[in-house]
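# Coordinate inspection notes
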Amino acid sequence: MSPLGRNGMARAQLTIMEPPATVGARPGGTLARLTLQFNPSTLSLSKSNEWRRTPSRMAEESALPEFVGSGPRSLSLDVFLDATATHDDSVERAVEQLMVACVPTPGSLASKTPASPWVRFEWGTSRTTSFDGVVSQLSVSYTLFDVDGRPLRATCSLSIEEASVVRLGQNPTSGSREARRTHRVVAGDSLALLAWREYGDATRWRTIAEANDIDDPMALTPGTELIVPAVEEPARKEFG
């Protein structure tokens, strides 16, 4: 459900979100959304399992491995930035947005629970590479500069480590009919996109619309705070 480019091709994007208020909760409101200037040419996805094996005294035998646990997914990608056509500060502004994901948010500092934002990479309908995570590493290489020293081209190498064990489409608040969180609308948001992110089903946009008394799902004002109910919450009213 990424935005579409002029040629109709899905554009990859990174969503930067407020970290969860409590352990096991979903991330909070959206802090920023960076639509990538160029779709990645390569995505590297990895996941590991941890096994424990007790050495065997028998040289011809090996002890059976004991499964300890499954490690998180890790996604690595390069974000290419270029401002040679505009000669503006868009490269540095994009880098600053990525840097935001590496430092504690003001909200977490105010609550005395410092934590960096959670992030999610999204590209069209891809599901294996779309998960809530945290930035484990970010490196920026500036490769071209303007006459005044302003960076015009950069490659940002980004690694995102999975931070949630909840599968897309499952609600971690299952069992609590009143569980909900909030989402602050940013430019480009739609109820269908938000429903896909929260529930794994874009057609469930009515759940959010009903919780916020929204009659026109296409009219979302940036900065508005929406209630995102748990999927189990009963509808407040029926749409005609």
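Attention here is on the structure that accompanies the text. (Residues numbered from 1 in each chain as written. Predicted model: local features only at pLDDT ≥ 70, side-chain atom pairs only at ≥ 80, totals over all residues. Heavy atoms only, no water.)

### With respect to the packing of aromatic side chains
- If you walk through the whole model with that rule in mind, you get three aromatic pairs.
- Geometrically, the ring pair formed by F38 and F80 is tilted, given 5.4 Å between the ring centres and 50 degrees between the ring planes. One end of the pair, F38, is in the loop between β2 (30–35) and β3 (43–46); the other, F80, is in strand β6 (residues 74–82), with 42 residues separating them in the sequence.
- Judged by its relative accessible area of 37%, F38 is partly exposed.
- Judged by relative accessible area, which is 32%, F80 ranks as partly exposed. (Phe/Tyr/Trp six-rings, centres within 6.5 Å; stacked < 30°, edge-to-face > 60°. Helix = DSSP H or I, 4+ residues; strand = E, 2+ residues; numbered from the N terminus. Buried < 20%, exposed > 50% of the residue type's maximum accessible area, 1.4 Å probe, protein only.)

### Side note on the pairing of strand β8 (residues 133–145)
- Where β8 and strand β9 (residues 151–162) come together, eleven bridges link them in antiparallel fashion. Looking at β9, one finds that G133 is bridged to E162.
- Connecting the antiparallel pair β8 and β9 is a turn made up of five residues, with G149 showing a positive phi of about 90 degrees. (Pairing = 2+ DSSP bridges.)

### Here we look at the nonpolar core
- Among the nonpolar cores identified, the biggest contains 26 residues, and L36 and F121 are the most heavily contacted of them.
- Elements that contribute at least two residues to this core include exactly β1 (13–17), β2, β6, α1 (90–100), β7 (118–122), β8 and β9.
- Among the elements that line this core, the one with the most residues is β9, at five residues.
- In this structure, V185, A195, A209 and L226 belong to the second largest nonpolar core, which totals eleven residues. (Core = buried A, V, L, I, M, F, W, Y, C linked by side-chain atoms within 4.5 Å.)

### Brief notes about helix α3 (residues 191–199)
- With respect to burial, α3 is a largely interior element, eight of its nine residues being buried.
- Buried within α3 are the following residues: L191, L193, L194, A195, W196, R197, E198 and Y199.
- Phi turns positive, to about 75 degrees, at G200, one or two residues after α3.

### Details of the side chain of E122
- By the element assignment, E122 lies in strand β7.
- Of note is the side chain of E122, whose polar atom sits 3.4 Å from the side chain of T15. (Polar contact = N/O pair within 3.5 Å; in protein donor to acceptor, adjacent residues only side chain to side chain.)

### Things to note about the environment of S126
- Residue position: S126 is located in the loop between β7 and β8.
- Note on S126: relative accessible area 24%, which makes it partly exposed.
- Of the polar contacts made by the side chain of S126, one reaches the side chain of T129; its length is 2.7 Å.

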